[in-house]
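# Structure at a glance
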Amino acid sequence: MPLLSGELRVVTAGAEPLGEALDAQAVPRIRVDWRPPMPGTGDDLARVLADPRRAGANEVAVGRLVSARPRLVTVRPAREALDLPPGTFLHAGPPITWERASGPMRGALVGAALLEGLAADAEEAGRLLAAGRVRLEPCHRHRTVGPMAGVVSPSMWMLEVHDAEHGGTAFCSLNEGLGKVLRYGAYGPEVLRRLTWMGEVLGPVLRAALELTGPLDLGALIAQALQMGDELHNRNRAATSLLVRELAAAIVEAAPGRAAEVLRFVHGNDHFFLNAGMAACKVSADAARDVPGSTVVVAMARNGTDFGIQVSGLGDRWFTGPAGVPDGLYLGAYGPADANPDIGDSTITETAGLGGFAMAAAPAIVRFVGGDVPDAMRATRSMYEITLAEHPAYRIPVLGFRGTPVGVDVALVARTGLLPAVNTGIAGRVAGTGQVGAGLVSPPASAFTTALTALAEAAGSGGGPER
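Everything in this summary refers to the structure shown in the same document. (Residues numbered from 1 in each chain as written. Predicted model: local features only at pLDDT ≥ 70, side-chain atom pairs only at ≥ 80, totals over all residues. Heavy atoms only, no water.)

## Some points on the pattern of salt bridges
This is how the line gets drawn: Any carboxyl oxygen of Asp or Glu that lies within 4 Å of a side-chain nitrogen of Lys or Arg is treated as forming a salt bridge with it. Accessibility here uses a 1.4 Å probe with only protein chains present; expressed as a share of the type maximum, an area under 20% marks a residue as buried, one over 50% as exposed, and anything in between as partly exposed.
Counted by the stated rule, this structure contains 17 salt bridges. Here Arg135 ties to Glu137 by a salt bridge, and the two come within 2.4 Å at their closest N and O atoms. Judged by its relative accessible area of 8%, Glu137 is buried. Arg258 serves as the salt-bridge partner of Glu261, at 2.9 Å between the closest nitrogen and oxygen. Overlapping salt bridges, with partners in common, bring together Lys282, Asp286, Arg289 and Asp316 in one network.

And the structure:
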């Protein structure tokens, strides 16, 4: 009787037609945003959620990720920093062969071969690579990340970032700028001249400056940049300005004859901080690796053909699916037909709670990747549903200084059907084109469902890597 005589309260979940009918009749309702799990994941999800190790393992993994203290300590050549031998190139994303490589990946590999003097022209470089005479390995295998094609060759200079809390080290190349650059698959004379200058001038000057300043606290710069309108993937304007402020005096002192050209280059490249931020995110995510039973994602990466993830409790195994073509804004006369599928290691920023996960902090980003400000807000809010924590240092002013969502959980992705939000640059599909736009892209669900199956198998056996 109290139910019949009291005020009617309606809770709606799932499909909306009933809720819309109630709205039309001015009936108050409580809306529950419920979604069924991803198709075919029910049994695996039940086994993973029942794993007694999961909660404690995830607490350890996420705790390590958010407590990392990344410091930029030096800049040095890849042959020295990574012990990279002649004839070995690194690339973004999961492992790939020349035969399966996309246009921008091939273009970047050709450019690296020309830079290293392994070939006289692009045709010879292509034959060299097709014959397997250059060894290709993923950046992630070497504690390294690279934006877009992510190609690293021995003579390229690398940013070296240490984790002062957990002792790890990660590396990333120096940022070339936008447009026709190697990482987007361009390899013309202007690209090679710029890379040569970066190796002969920019790298040595930055190393000398860091010897004067000592290690730079990248975590503090990232936290401040978030409050100044960056999301640290496709918008790095504030972070780059903060980095210039930290280094400018030391650059002038270390190399007075070269200071103007170095500062002009860095100041004219709003994305210069991106690579330092990627290395900071890499060393943070690596701290969360190899915790048995953990379902936390520790790497998301693309090679222009495949999108892959790695999971804390599953070691170095890659779980992949086809990379999607971003939906976004295009430069000049370029359009969707010119776009290559998603590419690059820069999704390490989303892995660590930045980029697409922090778009609410950077409303101006929508002018670069498309959409509108409410879309950016929704993207960040939805990521709290598939993550396990809020970052204690990386905070978003417009959300009341709430920490960015961090610690992607494979089980939560499968349970909600939500996929990580990623914003990205768009490379031209034809080798040598360069950048054609920027936009938003969704990872393939299959990368997460296959990882869930592996986690279910590990839960059944009680196995997993030990740290």
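The structure having been displayed, the exposition proceeds.
## Observations regarding the packing of helix α6 (residues 103–115) against helix α7 (residues 122–130)
The test is simple: Working convention: axes come from line fits to C-alpha atoms, limited for helices to the stretch in contact. Angles between N-to-C directions cover 0 to 180 degrees. Helix and strand assignments follow DSSP, with helices taken as H or I runs no shorter than four residues and strands as E runs no shorter than two, numbered in order from the N terminus. Note that the term roughly parallel is reserved for angles under 35 degrees, roughly antiparallel for angles over 145, roughly perpendicular for angles of 65 to 115, and oblique for everything else. Residue contacts are counted whenever heavy atoms from the two residues lie within 4.5 Å of one another. Charged residues are taken to be Asp, Glu, Lys and Arg, nonpolar residues to be Ala, Val, Leu, Ile, Met, Phe, Trp, Tyr, Cys and Pro, and polar residues to be all remaining types, Gly included.
Look at α6 against α7: their axes get within 9 Å of each other, and the N-to-C directions meet at 105 degrees. Between α6 and α7, the angle is such that the two are roughly perpendicular. From α6, Leu109, Val110, Ala113 and Leu114 reach across to α7, where they touch Ala122, Ala125, Gly126 and Leu129. Split by residue class, the contact of α6 with α7 holds 7 nonpolar, 1 polar and no charged.

## So, the nonpolar core
Quick note on the threshold: For this analysis, a nonpolar core means a set of buried residues of the types Ala, Val, Leu, Ile, Met, Phe, Trp, Tyr and Cys, connected via side-chain atoms within 4.5 Å.
Within the largest apolar cluster, 87 residues are counted, with the highest numbers of intra-cluster contacts made by Leu174, Leu202 and Phe273. Broken down by element, the residue count for this core peaks at 11 residues, all from helix α8 (residues 189–213). Sequence-distant contacts of Phe273, that is, excluding residues within four places in its chain, are made with Leu218, Leu221, Ile222, Leu232, Asn236, Ala239, Thr240 and Leu243. Within the second largest apolar cluster, 36 residues are counted, among which are Phe307, Met383, Val413 and Ala458.

Read these as spatial facts, not as claims about activity.
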